[in-house]
Amino acid sequence: MKVAVYCGSRSGNNPVFVDKARELGTWFGNHGIDVVFGGGHVGLMGIVADATLAAGGRVYGVIPESLRDRELAHDRLTELHVVRDMHQRKARMAELADGFLALPGGIGTLEELFEAWTWGQLGFHQKPCGLYNINGFYDPLLAMVQTMQENGFMNQEYIDMIIRAETPEAVIEAFGNYRPPHEKWPLE
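Residues numbered from 1 in each chain as written. Predicted model: local features only at pLDDT ≥ 70, side-chain atom pairs only at ≥ 80, totals over all residues. Heavy atoms only, no water.

(A) The arrangement of the pairing of strand β3 (residues 59-64) in detail. Most of β3 is tucked away: six of the six residues are buried. In β3, alternate side chains face the same way, and those of Val59, Gly61 and Ile63 on one face and Tyr60, Val62 and Pro64 on the other are all buried. As paired elements, strand β2 (residues 34-37) and β3 share three bridges and run parallel to each other. Bridge assignment links Val36 to a residue of β3, and that residue is Tyr60. Once the chain exits β2 it traverses helix α2 (residues 43-54) before rejoining the sheet at β3, and the crossover so formed is right-handed. Here β3 pairs with strand β4 (residues 79-83) via five bridges, running parallel. Following the sheet pairing, Tyr60 is matched in β4 by Glu79. (Buried < 20%, exposed > 50% of the residue type's maximum accessible area, 1.4 Å probe, protein only. Helix = DSSP H or I, 4+ residues; strand = E, 2+ residues; numbered from the N terminus. Pairing = 2+ DSSP bridges. Right-handed = clockwise from strand over helix to strand, strands pointing away.)

Written as structure tokens, this is what we have:
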């Protein structure tokens, strides 16, 4: 299994984010779960990649030329895919991955998560999307999504498709049990 990990290019200001990112990467590496990520050596993304590699796992990075040229590319990966721009990065990560998992991060992390989630809702893929909800980091987002549903902008089944997990074991178990929702607008 290959899991696309979306997370911060910073480490955040709570040491638990670093600890849990390292724990996740180590667990993935020890259990034969490959990581697909944004290709950088910085922040939580670098921590997950380094921990996975240190545990004997494989890590596939996808980075735009402009970020590689700023010397942000991780130089010890199983494979590094250099693409033209962020659109190609997300598409390539989606091609490589069997599922998507967001750790704490900023707007880039949210943007990647929302695109994968939207693609799943529209039936463009049938892969699981999840939140690694360290210290309740994503609780405010989940509350906002529930507000969207209560106000008629989102069906509950599309909220329910997002996996919420706090341990590596729970992520992989939920990914294995995932059943995609009905397509929002199926072709007839």
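Read on, since the account is not over.
(B) Structural context of the sheet that holds strand β7 (residues 162-165). Within the open sheet, the seven strands sit side by side as β4-β3-β2-β1-β5-β6-β7. Their pairing is parallel. What marks the edges here is a single partner per strand, and that holds for β4 and β7. Sheet twist, expressed as the average angle between the axes of neighbouring strands with direction ignored, equals 25°. Here strand β6 (residues 129-132) runs beside β7; their pairing, made up of four bridges, is parallel. Across the sheet, the residue bridging to Gly130 is Ile163, located in β7. (Axes fitted to C-alpha atoms, helices over the stretch in contact; angles between N-to-C directions.)

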